[in-house]
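# Inside the fold
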Amino acid sequence: MSLRRLINPSVTSNERYSNYNIESLTISTIKEMLSNSFIDGVFGIEAFRVTNRENYTFFSQPNYDCKLTTIRNNSAQYLNSNSENTTFAQLYLSKPSMFPIEMNTPTTFLEIINSIIPSHINYKYQLLLVYRQDNWRDKIVEQYNDYLNGVQNPSDNGLFRKIQRSITEKIDELLKWEQRHSEIKEVEQKLNENGFRYNIRLALIGGSKLEREYSLSKIENEINKYSYTNEWLVDHKINFKYGSEIVNNRVLDYQSKNHTLSESELLQFIVLENKTQVNENVNLIDNGKEENNLIELLPKGNDIKQFDGNDLADKFLSALRELKSFRGNMEVVKCQSGTTSMKITFKMPKQLKFSEINKPNTISDIQIKMGVKYLQIKQGINVGEIDIMLPLEKRQKVFLANYIDNEEFKEFANNHPLPFLVGVDDIGNPIYSCMSKIKHLLVAGSTGSGKSVWLNQLILTLLIYKKPSELELFMIDIKQVELVQFSSFNHVQSVITEANEAVKLLSQLIAEMNRRYELFKNARVKNIRLYNKKSKNKLPYILCIIDEYAELTSKNNDVHSYIQSLTQLSRACGIHLIIATQRPSIDVISGTIKSNLPSKIGFRCANKRSYLTFLNTSPKFELLGNGDGVMDFEGQSDEHIRFQGVLIVDDPNDEDLEGKLINKIANQIKNEKVMVKLPEVDELEEESDLNKLKRVIANTGETRVSPLRNLMKININKLNDLMRDLVEEEWLEAPKTKQSGYRLIISEEERLKWKS
């Protein structure tokens, strides 16, 4: 060991270790242990949990005189793991070691990890220590003096500290004011104790990668509840090969040479006298407070960063003055950053008119001069103000948990039966809504636009916040891609993947709608809210979600008529529809259905014609994809409101991460499934093509061959034969000339018989 010290004076591991079995380590034992000088050697503790059985090991150099029981064959030292089932993590301090951590915590580190890591995940906890014999105290004294004299965060590097001191002195000289910091009394305590170089590591084995990383995130949050002048960071992006090597061989990493903890700071990481019970059912639901625990499974992101918009404001004013000569100044009132754009509010001079700068050509010219992808100019909230919207260079990601795990949304959810998050607006404020208020919803967007992620987060929010007795879900997923993953939730009555079964379900929902209105009539109420107030037998809300509507209608065109009936009549009885499609074309979204789906969510589409089909007018801004959306809800003041959809999770390396999390949440819900029996309907016989054509003509009034061919999706020759049959049945009058078309001649009474 002495020869090794000559070559490498910084000890990082031992050539050999002695291992000792320990049942507990009390505070007094630890203080006695740490007061001794383990010169030249690495020592520490390891805690293992394998299939809910725990054991603890103390290890050191063989020459340490120890009264503990020696372990001859410590096979547990070496992990039986692989890159798929293991995550390595290491704890670092966010600031230099001069800033002490909390020395008197109410819980130990082992108690924290045992209470957080689920029982089906095994773990190995490792603490490596080396007694410091270098000049670490002198270094901390220098850092502490620099801190007291105004240096905010003194570096571990002496040269950098010298630069920091110089900069601080220059600032003090410039401002004619000396910056000083208050004393930290624990620094003196730290200097009076032994110091130790350290590594604190965790290896989690088993479960999913999501579960392991989520547990580590919770551990980081828990240990920082007791943070003082310093905070812990948990790095879990450690390569498997490297992690296995340093953990199995008990090697300190290079970065630890600058890290020092004192005896008092180390106590919480070594004490074993109060073992805690392993949390067998981590995050399970109890006492009806399910949403609180389920939301904890959702990862949270960072808050939206605010950027300085003064440079952009100057560029805008410079470009505007080149195009429009005006007297007076435009003052910047405020700059606000959102997820995709920045809003800059100006005070308009009286000499400049809003109509002069809000012309499309003027906006395009300003945009070109500024060199930005898009620019929007809107009237401000206050009198005489305008808002300009400019794109951020890098979009900021936002996560579902950040916006539904707060008092604001919880209060909203308590007061609304079907609450959900639309997204965040252009300055990062959440937009909440309720399906019972908007009745039905049409969602459109091409592949990669964020439509599916948006739909998933809406469904998940409802599933977390509402019980199966309050909400029943019926899903139609013809492509069997997105909605099938929700089938294990107790709220979900069925996920239908066959077109004919889908038609039967829609028919049953119409029957249920009629049954409910009969109940309302007898109870002398007009809607589900009033009925549930009056009746002991509460009716649950029903939400029917249809994904890939275009695919469904292509397989069975009768769907249109059932959807039309439901959207027209089911609003008050608590039955609501969400219809999603990648292809919002005229043949998929008819005018009648669109008029009965007045609330719409749009994401990036293939062309402008698609926006015109379901929104009536194109948005004034370009949607960028990946959750950048527009809402057009019934009753909203602005025609189009832009928003950014939220993510449930985000891991480009694991496309199935969202599905795994959804499945985990489903497994955590204790509520029993409420089996619902919809009214029985007659088996739907396959309708003849002639009767289908009659129904289409009766519902649409269309008699032209080309549109009817698109609606019927049949061969032109077959359609011509059917049209001739209708002429013979005196439904239609044949064309008198080549230029004229067929004319509908049946009575209104006959037409009503065929109308769905």
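Residues numbered from 1 in each chain as written. Predicted model: local features only at pLDDT ≥ 70, side-chain atom pairs only at ≥ 80, totals over all residues. Heavy atoms only, no water.

Okay, the overall build of the chain next. Of regular secondary structure, the chain possesses 28 helices and 25 strands. Taken over the C-alpha atoms alone, the chain extends approximately 110 × 75 × 50 Å along its principal axes. Residues counted as buried form 53% of the 756 residues belonging to the chain. Long-range pairs, those at least 24 residues apart, make up 72% of the contacts in the chain with a sequence separation of at least 6. Side-chain charges of the chain comprise 98 positive and 99 negative groups, with the mean position of each set lying 4 Å from the other. (Helix = DSSP H or I, 4+ residues; strand = E, 2+ residues; numbered from the N terminus. Buried < 20%, exposed > 50% of the residue type's maximum accessible area, 1.4 Å probe, protein only. Contact = heavy atoms within 4.5 Å. Lys, Arg positive; Asp, Glu negative; His and termini not counted. Charge placed at Lys NZ, Arg CZ, Asp CG, Glu CD.)

Secondary-structure assignment places Asp-650 in the loop between strand E23 (641-644) and helix H24 (657-668). Overall, Asp-650 belongs to the partly exposed group, its relative accessible area being 34%. Along the chain, Asp-650 and Gly-206 lie 444 residues apart, while their C-alpha atoms are 21 Å from each other. Apart from the residues within four sequence positions on either side, Asp-650 is in contact with Lys-397 and Phe-399. Within polar-contact distance, the side chain of Asp-650 engages the side chain of Lys-397 at 2.5 Å. (Polar contact = N/O pair within 3.5 Å; in protein donor to acceptor, adjacent residues only side chain to side chain.)

Bringing the nonpolar core into the picture now. Counting residues in hydrophobic clusters, the biggest one holds 108 residues, and the most contacted among them are Leu-298, Trp-454, Ile-476, Phe-489, Leu-506, Tyr-549 and Ile-601. Examining the composition of this core, we find that 10 residues originate from one element, helix H18 (residues 499-523), more than from any other. If we skip the residues at most four places from it in the chain, Ile-476 touches Leu-483, Ile-496, Ala-502, Leu-505, Leu-506, Cys-544, Ile-545, Ile-546, Asp-547 and Leu-552. In terms of nonpolar packing, the next biggest core, distinct from the first, is built from 44 residues, Phe-109, Ile-117, Leu-204 and Val-271 among them. (Core = buried A, V, L, I, M, F, W, Y, C linked by side-chain atoms within 4.5 Å.)

Turning our attention to the sheet that holds strand E13 (residues 385-391). Strand order across the open sheet formed by four strands is E10-E11-E13-E12, with antiparallel pairing between neighbours. Of all the strands in the sheet, just strand E10 (331-337) and strand E12 (376-379) have a single pairing partner and so form its edges. Pairwise comparison of adjacent strand axes, ignoring direction, gives a mean angle of 25 degrees for this sheet. Sheet topology note: the E12/E13 ladder contains four bridges and is antiparallel. The residue of E13 that forms the bridge with Gln-379 is Ile-386. Against the sheet, helix H11 (residues 310-323) makes contact with E10, strand E11 (341-347), E12 and E13, and its axis sits at roughly 60 degrees relative to E11, the strand it touches most. (Pairing = 2+ DSSP bridges. Axes fitted to C-alpha atoms, helices over the stretch in contact; angles between N-to-C directions.)

Counted by the stated rule, this structure contains 23 aromatic pairs. A centroid spacing of 5.9 Å and a plane angle of 65 degrees characterise the contact between Tyr-131 and Phe-196, whose relative ring orientation is edge-to-face. Linking Tyr-131 in strand E6 (residues 122-131) with Phe-196 in strand E7 (residues 195-205), this pair joins segments that are 65 residues apart in sequence. Accessibility assignment for this pair places Tyr-131 and Phe-196 in one class, buried. Centre to centre, the rings of Trp-731 and Trp-754 are 6.0 Å apart; their planes meet at 80 degrees, and the pair counts as edge-to-face. Of this pair, Trp-731 sits in the loop between helix H27 (716-728) and strand E24 (732-733) while Trp-754 is found in helix H28 (residues 748-754), placing the two residues 23 residues apart along the sequence. Given a relative accessible area of 4%, Trp-731 falls into the buried group. Members of the aromatic cluster, joined through ring pairs, are Tyr-20, Phe-43, Phe-58, Tyr-131 and Phe-196. The positively charged end of Lys-95 is found above the aromatic ring belonging to Phe-99, 5.0 Å away from the centroid. Here the guanidinium or amino end of Arg-250 rests over the ring plane of Tyr-17, the centre of that ring lying 5.1 Å away. (Phe/Tyr/Trp six-rings, centres within 6.5 Å; stacked < 30°, edge-to-face > 60°. Lys NZ or Arg CZ within 6 Å of the ring centre and 35° of its normal.)

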